[in-house]
Amino acid sequence: MTQKGVTLNTNSHKIKFARSFIRTLLKMRKNAPSSSSIEEIRKRSQRIKIAAYSSIAHAVGSRRAWSRAILFKLRNRARHHGMMRRRSMKKRVVKNDPPGDQSKANKLRQLVPGGKAMDMCSLLEETAHYIRCLSTQVKVMQTIADHFSK
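About the criteria used
- Residues numbered from 1 in each chain as written.
- Predicted model: local features only at pLDDT ≥ 70, side-chain atom pairs only at ≥ 80, totals over all residues.
- Heavy atoms only, no water.
- Patch = residues over 30% accessible without salt bridge, like charges linked within 9 Å, V, L, I, M, F, W, Y side chains within 5 Å.
- Areas by Shrake-Rupley, 256 points an atom, 1.4 Å probe, with all protein chains shown as cover.
- Salt bridge = Lys/Arg side-chain N within 4 Å of Asp/Glu carboxyl O.
- Lys, Arg positive; Asp, Glu negative; His and termini not counted.
- Charge placed at Lys NZ, Arg CZ, Asp CG, Glu CD.
- Helix = DSSP H or I, 4+ residues; strand = E, 2+ residues; numbered from the N terminus.
- Buried < 20%, exposed > 50% of the residue type's maximum accessible area, 1.4 Å probe, protein only.
- pLDDT = per-residue confidence, 0-100.
- Contact = heavy atoms within 4.5 Å.
- Axes fitted to C-alpha atoms, helices over the stretch in contact; angles between N-to-C directions.
- Parallel < 35°, antiparallel > 145°, perpendicular 65-115°, else oblique.
- Left-handed = near helix turned anticlockwise from the far one by under 90°.
- Nonpolar A, V, L, I, M, F, W, Y, C, P; charged D, E, K, R; others polar.

Break down a positive patch on the surface for me, citing the residues and quoting the values.
Together, Arg19, Arg23, Lys27 and Lys30 give the surface a local cluster of positive charge. The residue Lys30 is located in helix α1 (residues 13–30) in this model. Its relative accessible area of 74% is what places Lys30 among the exposed residues.

Account for the pattern of salt bridges, with residues named and values stated.
For the structure on display, the rule yields two salt bridges. We note a salt bridge from Arg42 to Glu39, for which the minimum N-O separation is 2.6 Å. With Arg42 and Glu39 both in helix α2 (residues 38–60), this residue pair falls three residues apart, about one helical turn. The shortest N-O distance in the salt bridge between Arg64 and Glu126 comes to 3.5 Å. One end of the pair, Arg64, is in the loop between α2 and α3 (65–86); the other, Glu126, is in helix α5 (residues 120–148), and 62 residues separate them in sequence.

Report on the confidence of the model for the protein chain, specifying residues and quantitative values.
Averaged over every residue, the pLDDT of the protein chain is 81; the share at 70 or more is 78%. Confidence drops under pLDDT 50 across residues 1–8; counting only partners more than four residues distant or on other chains, this segment forms six contacts.

Quick one: what's the story with the side chain of Thr127, residue by residue and with numbers?
Mapped onto the secondary structure, Thr127 falls in helix α5. Since its relative accessible area comes to 9%, Thr127 is described here as buried. When sequence neighbours within four positions are dropped, the list of residues in contact with Thr127 reads Leu108 and Val112.

Now, about the packing of α2 against α5: what can you tell me, with residues and values included?
Between α2 and α5, whose axes approach to 11 Å, the crossing angle comes to 125°. For the element pair α2 / α5, the angle class is oblique. For the pair α2 and α5, the crossing hand works out as right-handed. Residue-level contacts link Ile48, Ala52, Tyr53, Ile56 and Val60 of α2 to His129, Tyr130, Cys133, Leu134, Gln137 and Met141 of α5. Per-class residue counts for the contact of α2 with α5 are nine nonpolar, two polar and no charged.

This is the structure we're talking about:
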């Protein structure tokens with residue numbers, strides 16, 4: 001692919017993510033309900049979030065611990081989705097730990113998918129890669145939003 005003299009690497013994470021994410025959005029659009037209730041908007045927003053995480057994790061593949069953790073979580077979520085529908089909708093209680101209880105490394109382990117099982121060096125490497133991928137994800141999503149808002 002060449003555009004204005006710039007050659008794009010079709011194997012790049014950005015291209016893989018963009019293709020996968022757009023494909024998923026198009027599928028969601030076909031199956032979209034006609035109502036625009038607050039609940040439907042919340043559900044659609046959640047599906048877009050899951051599609052974004054799934055697409056970026058698939059683009060990176062299983063080379064990174066954080067992407068393996070996301071893919072594992074999504075597979076388990078899909079398996080248990082039927083069981084979760086049958087359960088009553090319970091509100092989750094978010095536990096706020098006091099600020100002095102955790103070290104900065106433990107806080108970082110909670111933020112990076114799969115970070116709980118990593119040593120400090122691996123955690124920092126995975127964090128740097130995860131941040132780069134999240135940045136790519138934001139850029140692609142911003143480009144899509146800009147394209148459709150014109």
